[in-house]
Amino acid sequence: MFYHPAQGHGLRHNPFKAIVAPRPIAWVSTRASAGDNLAPYSFFNAITDAPPQVMFAGGMKDSITNAQESGVFAVNVVEAAMFEVMSATSAPLPRGTDEFTHAGVPKAECHSINCPRVGSAPATLECQVLQIIPLKGGDYMVIGEVTGVHLRDDCVVAGRFDITRFHPMARLGYMDYARIETLITLPRPGE
Ligand SMILES: Cc1cc2nc3c(=O)[nH]c(=O)nc-3n(C[C@H](O)[C@H](O)[C@H](O)COP(=O)(O)O)c2cc1C
């Protein structure tokens with residue numbers, strides 16, 4: 001089949017997010033005058049590494065409102081053990097509700113920015129907002145520079161950040177997720 005997105009796909013559910021999959025999940029923590037906030041965003045990725053920069057995108061909900069107000073945000077990695085807790089933090093709660101408290105997520109302080117983080121996360125990227133770009137359709141993309149990195153001690157094995165220690169969760173389409181289980185190592189040609 002072929003479809004023009006502007007004309008509809010004719011399927012029961014939009015396949016777009018199942019096509020661009022798996023996507024990493026940014027568990028975004030923020031702090032602003034309304035309080036602390038935590039929510040998952042899978043329109044998320046690293047976009048360059050010198051200096052390291054990441055993006056996440058969505059509507060002008062609490063996370064982006066707070067990132068705009070404070071100029072900072074943190075991206076926490078979601079481990080398999082926190083999968084359901086992560087989902088609980090996506091509930092549409094009134095602005096000012098602290099999802100750390102709502103979902104029982106351990107909170108710690110960031111080091112390089114004034115922002116909360118998930119204390120138990122395998123890794124956290126502390127970020128300074130560089131740009132907030134309006135997207136066609138009304139959503140926004142936040143680009144941040146990583147100014148601090150936390151790695152949980154048990155996840156650093158033989159000098160590598162070892163994802164088999166915690167199994168990252170990835171977002172697929174629909175209501176589906178993947179738990180990363182298997183590593184396949186393949187040197188690049190010429191290396
Ligand atoms: C795994 C997962 C990924 C999500 N990704 C996004 C996303 O990329 N953009 C978005 O706008 N909402 C996304 N959502 C929905 C938000 O998490 C949800 O709207 C949340 O209430 C927003 O919280 P906030 O208002 O505290 O920012 C996602 C939800 C889940 C469970």
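Structure: above.
Computed from a predicted structure; not experimentally measured. All residue numbers here refer to positions counted from 1 along the written sequence of the relevant chain. In keeping with the predicted nature of the model, local features appear solely for residues at pLDDT of at least 70, side-chain atom pairs appear and are counted solely at 80 or more, and the whole-chain, interface and lining totals rest on all residues.

A. Up close: the overall build of the protein. Looking only at helices and strands, the protein has four helices and 14 strands in total. The reference for a compact globule is 2.2 Å times residues^0.38; the radius of gyration itself is calculated from the C-alpha atoms. Taken over the C-alpha trace, the protein has a radius of gyration of 17 Å; the compact-globule value for 191 residues is 16 Å, and the two agree within 12%. Along the longest, intermediate and shortest principal axes, the C-alpha atoms of the protein span 50 × 50 × 30 Å. Residue burial is a threshold on neighbouring C-beta atoms within 10 Å of the residue's own C-beta, all placed from the backbone, with 20 or more meaning buried, 12 or fewer meaning exposed, and counts in between meaning partly exposed. Here the protein holds 191 residues, and 28% of them are scored as buried. We call two residues in contact when the distance between their C-beta atoms, placed using the backbone, is within 7 Å. Pairs at least 24 residues apart make up 60% of the contacts formed inside the protein by residues separated by at least 6 positions. A run of DSSP states H or I qualifies as a helix once it reaches four residues; a run of E qualifies as a strand once it reaches two. Both are numbered from the N-terminal end.

B. Focus on the sheet that holds strand E10 (residues 140-151). Spatial ordering of the open sheet is given by E3-E2-E6-E9-E10-E5-E4, a layout of seven strands whose pairing is antiparallel. Each end of this open sheet is capped by a strand with a single partner; those strands are strand E3 (35-41) and strand E4 (44-49). Within this sheet the neighbouring strands show an average axis-to-axis angle of 30 degrees, counted without direction. Sheet analysis places strand E6 (residues 72-77) next to strand E9 (residues 123-134), joined by five bridges and oriented antiparallel. Bridged to Ala74 within E9 is Glu126. Axis definition: a line fitted to C-alpha atoms, over the contacting stretch in the case of helices. Angles run 0 to 180 degrees between N-to-C directions. The sheet strands contacting helix H2 (residues 62-70) are strand E2 (26-32), E3, strand E5 (52-58), E6, E9 and E10, and the helix crosses E2 at an angle near 50 degrees. At least two bridges found by DSSP between two strands are what make those strands a pair.

C. Spatial organisation of the site of the ligand. Here is the check we use: build the C-beta atom from the backbone, and if it is within 6 Å of the molecule or strand, call the residue near. Near the ligand, the surroundings consist of 17 residues, among which Ala39, Gly58, Lys61, Asp62 and Ser63 are the closest. Those elements that place two or more of their residues in the shell around the ligand are E3, E5 and H2. Sorting elements by how many residues they give to the shell around the ligand places E3 first, with four residues. For this scheme, ten residues count as nonpolar: Ala, Val, Leu, Ile, Met, Phe, Trp, Tyr, Cys and Pro. Four count as charged, namely Asp, Glu, Lys and Arg, and the remainder, Gly too, count as polar. Grouping the amino acids of the shell around the ligand by side-chain chemistry returns seven nonpolar, seven polar and three charged.

D. Structural detail: the pairing of E5. Where E4 meets E5, five bridges bridge the pair, whose relative direction is antiparallel. By the bridge assignment, Asn45 is partnered in E5 with Met55. Between E4 and E5, which pair antiparallel and follow one another directly, the connecting turn spans two residues. With six bridges joining them, E5 and E10 adopt antiparallel strand pairing.

E. Local environment of H2. If you check which residues of H2 are buried, you get Asp62, Ser63, Ile64, Asn66 and Ala67. Those residues of H2 that are buried lie in contact with E2, E3, E5, E6, E9 and E10. Following H2 by one or two positions, Gly71 adopts a phi angle in the positive range, close to 80 degrees.

F. Local environment of the pairing of E3. In terms of residue burial, E3 counts as a mostly covered element, since five of its seven residues are buried. Taking the residues between adjacent antiparallel strands as the criterion, E2 and E3 are bridged by two residues.

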